[in-house]
Amino acid sequence: MTTQDIFHRLRVGLALLAGFVSGKLLGEYFQHHASEFFIGGFLLGFLLTQGVYWIIDSLFGDRSAT
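Residues numbered from 1 in each chain as written. Predicted model: local features only at pLDDT ≥ 70, side-chain atom pairs only at ≥ 80, totals over all residues. Heavy atoms only, no water.

### Here we look at the packing of aromatic side chains
Phase 1 of the analysis: On inspection of all chains with the given rule, the structure shows 4 aromatic pairs.
Phase 2 of the analysis: Between Phe30 and Phe37, the aromatic rings sit 4.3 Å apart at their centres with planes inclined by 20°, giving stacked as the arrangement.
Phase 3 of the analysis: Relative accessible area serves as the criterion here: at 26%, Phe30 is assigned to the partly exposed category.
Phase 4 of the analysis: Taken together, the ring pairs connect Phe20, Phe38 and Phe42 into an aromatic cluster.
Phase 5 of the analysis: Just above the ring of Tyr53 sits the side chain of Arg11; from NZ or CZ to the centre is 4.9 Å. (Phe/Tyr/Trp six-rings, centres within 6.5 Å; stacked < 30°, edge-to-face > 60°. Buried < 20%, exposed > 50% of the residue type's maximum accessible area, 1.4 Å probe, protein only. Lys NZ or Arg CZ within 6 Å of the ring centre and 35° of its normal.)

Next up, the structure:
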């Protein structure tokens, strides 16, 4: 396993954690439809975290690897 593989797995893990936390917070805030808001918050947190990673990679990433 290379360093790049480790960083990729850490990024996915952090995105899953961010999705869980945002889903949990939204589910607790909107208690009348907690499960729906948990799912939406989870997806939103995960996708926003992956979007931030994509922006960082496009700005500061290795351009020769493309």
